[in-house]
Amino acid sequence: MLTIMVPWLLLLILCLKSCDSFCINVAVATRHHHRDLCSLNAASAGYNEQDDRSLVNTAIDDFISTVLVSLHDKTFDSFTLKASTPRKKRGGNKNKSSTNTEEIDTNIERQKEALRGKYKTILGRLVFLQDKKKRRTKKKGSGNDNAAAELDSGSLYLQVTIKYHLATDIVQNWGIESDVSEVESGLRGIFATAWGNNDSAVPLSEWGATTNVKGEIDIRAGELITSDGVYELHLHGKNAKFREPKKNKNKERRQSQLMIDPTQLSHDRTKKVPLSNSEEFFQKLGVTNSDGKPMSGMASKLRQCQKFVEIVSNLVDTNCYSSSNSKAKSIRVIDMGCGRGYLTFSLHSYLSDKYNDDSSSSCIVETQGIEVRPKLVREINGIARDLGKGKFEKLSFIEGTIGETNDSLFGDVRLHQNVKSKDSLDIVIALHACDTATDDALWFAIGRGVDVIVTAPCCQHELRPQIDQHVSKNPNHILADVLRHAIYRERATEQITDSIRAILLEIAGYDVQVFEFIGGQHTAKNVMITATKKNMSMKSKKEDDWLDERRGRLVELTEMYGVKRQRLASLMGERISTSGHLKAKNAGGMPPL
């Protein structure tokens, strides 16, 4: 038996060896074939990369040549080039957890950092710039230059704004009147830098040279707008192309109006403001000259007047005159502590022009300024009279102090509540009324049911001694490390005072806003409090609960800073401490709402 099996075993072993040899040979052959395929694919990929780059460069050449032609034919309007931007990865886990969100945010930040100093957006537009020497000559001249003279003193440029990722923008002006070679070299430099060639003439960002993925261009797309239509530029690999707009056979080819009349492109454009800077009252007050230019040192005052009128006009339009007081027969304004009356004249002029017209829905605008200095009152009353009859007939100024003025426009009647029969829209202004004078003005307005209150508080000194004493007695106060510094106590005093006023106005039935109304470079006292009277409906438990909540928050605020007395709270009879209600100083104190 064994003798019979041995030959078969030997034969089986030989077969197995042959199979192993065959498998090895097949594996080796397969490996060599795979290597050949990889080499072939690599060669093919190299060919495609060169081919794609050729397509991209062709599209770029078409874009540049079309820009140059449109400038020559005066059909150019603008162009935009867009580069890569950070993107969130698509897909992933749909269940957004905090971990996934952090990963996404981290990935975006990583992309932003990788793009630092690279192109973000490139914008091209036409601008008209005056020659510096001729501009100086014009300032010394008579000032009667017309548009033709202005055109002779300037040139047309293609202004290119290069926006970078996480870097400062760069602006260049390329001349186009004599020839467009500067435009061509500039555009080619931009695209060369986008390819990674940092030796081009186009300036780099403050981060210097950057690198990009080999074979890819940073600029991905763009568009060119002309009077012929919108051209599209796509620079993404094999899809790179420059697409022309659809031709309309019936449409006549026209030139760009901006290139025909370059003065429209001047940077000296008139800003849209509520009042004309050439208003006669501005000149009488010494704010502007006859050309509407601000006098020396009055530019900030002019901006304040324009911004103030804009704010009050919006309050009148959106909160009052458009709804509950739409049938008002008059608008009455009192400016307390008006000073020289810059804002008083401005607001009266604007409201008169807007609402006191010849239409059937017009109403009378009457404005009164209150000022304590008699000489100043006589002076500004004289200016109002010099402006002649018309809209300034209803503008007057009287001598008096804030809160204690006799013969005011609103009389001495304390309304406390909304009066449905009232046919006027009443406004009280008190800008930069010092310390508690602001509180007196607010109480004057609240007591007479004024519709709109506008204040810019100043010199909030009343609470400072109370806060200083509270901090010294409570060294373990939660804000001790902040309030131990005098400068922070000063700032805290301003914020707390105005916050108390805002809560008290809400308790009195007003919607309140506190904001910065003019930049700090014009005045340090630039916080404005505006209040508009709410339509008081029948009392409900919800309104009572809301009032209780506001009164509770008022007490919490004052006790935190050790405030036991505040002028407006005293006048209104509102409690600001847990010791009990404050007794109103005036017999006509604010009754419970």
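Residues numbered from 1 in each chain as written. Predicted model: local features only at pLDDT ≥ 70, side-chain atom pairs only at ≥ 80, totals over all residues. Heavy atoms only, no water.

Quick notes on the overall build of the protein
Move 1: In terms of regular secondary structure, the protein is built from 16 helices and 14 strands.
Move 2: Going through the 593 residues of the protein one by one, you find that 41% of them count as buried.
Move 3: Restricting to contacts in the protein with at least 6 residues of sequence separation, those with at least 24 account for 71%.
Move 4: For the protein, the accessible area works out to roughly 34200 Å², and carbon and sulfur atoms hold 51% of it. (Helix = DSSP H or I, 4+ residues; strand = E, 2+ residues; numbered from the N terminus. Buried < 20%, exposed > 50% of the residue type's maximum accessible area, 1.4 Å probe, protein only. Contact = heavy atoms within 4.5 Å. Areas by Shrake-Rupley, 256 points an atom, 1.4 Å probe, with all protein chains shown as cover.)

Regarding the pairing of strand β2 (residues 119–130)
Move 1: Pairing analysis gives 5 bridges linking strand β1 (residues 76–83) to β2, with the strands arranged antiparallel. Each residue of the ladder has a partner; that of Thr 80, found in β2, is Leu 123. (Pairing = 2+ DSSP bridges.)

What about unusual backbone geometry?
Move 1: A positive phi angle, close to 60 degrees, is found at Lys 74, a residue other than glycine.
Move 2: By the element assignment, Lys 74 lies in the loop between α1 (2–72) and β1.
Move 3: Of the residues examined, Lys 74 reaches a relative accessible area of 36% and is grouped as partly exposed.

Things to note about a nonpolar patch on the surface
Move 1: A contiguous nonpolar patch, built from Val 482, Ile 487 and Tyr 488 and spanning about 260 Å² of accessible area, is present on the exposed surface.
Move 2: Given a relative accessible area of 39%, Tyr 488 falls into the partly exposed group. (Patch = residues over 30% accessible without salt bridge, like charges linked within 9 Å, V, L, I, M, F, W, Y side chains within 5 Å. Salt bridge = Lys/Arg side-chain N within 4 Å of Asp/Glu carboxyl O.)

Quick word on the environment of Met 336
Move 1: Position of Met 336 relative to the elements: it lies in strand β8 (residues 330–336).
Move 2: On the basis of relative accessibility, which here comes to 1%, the residue Met 336 falls in the buried class.
Move 3: Between the C-alpha atoms of Met 336 and Asp 440, which are 104 residues apart in sequence, the distance is 10.0 Å.

Considering the sheet that holds strand β14 (residues 527–533)
Move 1: Read across the open sheet, the 7 strands follow the order β10-β9-β8-β11-β12-β14-β13; overall the sheet is mixed. With one partner strand each, in any of the chains shown, β10 (395–399) and β13 (510–516) form the two edges of the open sheet. Across the sheet, the mean angle separating the axes of adjacent strands is 15 degrees when strand polarity is ignored.
Move 2: Two elements, β13 and β14, share 7 bridges in a ladder whose sense is antiparallel. Bridged to Val 512 within β14 is Ala 531. (Axes fitted to C-alpha atoms, helices over the stretch in contact; angles between N-to-C directions.)

Some words on the nonpolar core
Move 1: Ranked by size, the top nonpolar core spans 46 residues in total, and within it Met 336, Ile 446, Ile 453, Ile 500, Leu 505 and Tyr 510 carry the most contacts.
Move 2: The element contributing the most residues to this core is helix α14 (residues 486–507), with 8 residues.
Move 3: Residues within four places of Tyr 510 in sequence aside, it is in contact with Ala 445, Ile 446, Gly 449, Val 450, Asp 451, Ile 453, Leu 505, Ala 531, Thr 532, Lys 533 and Lys 534.
Move 4: Membership of the second largest hydrophobic core comes to 45 residues, among which are Met 298, Leu 302, Val 316 and Val 454. (Core = buried A, V, L, I, M, F, W, Y, C linked by side-chain atoms within 4.5 Å.)

Regarding the packing of aromatic side chains
Move 1: Counted according to the given criterion, the structure contains 12 aromatic pairs.
Move 2: For the ring pair Phe 281 and Phe 345, a centre distance of 6.2 Å and an interplane angle of 15 degrees mean the geometry is stacked. Linking Phe 281 in helix α7 (residues 280–284) with Phe 345 in helix α9 (residues 342–355), this pair joins segments that are 64 residues apart in sequence.
Move 3: The class for Phe 281 is buried, based on a relative accessible area of 0%.
Move 4: By relative accessible area, Phe 345 is classed as buried at 0%.
Move 5: One aromatic cluster is present, formed by Phe 63, Phe 76, Phe 79, Phe 191, Tyr 231 and Phe 242 through successive ring pairs.
Move 6: Between Arg 53 and the ring centre of Trp 195, over which it is positioned, the NZ or CZ distance is 3.9 Å.
Move 7: The ring of Trp 546 carries Lys 534 above its face, with NZ or CZ at 4.6 Å from the centroid. (Phe/Tyr/Trp six-rings, centres within 6.5 Å; stacked < 30°, edge-to-face > 60°. Lys NZ or Arg CZ within 6 Å of the ring centre and 35° of its normal.)

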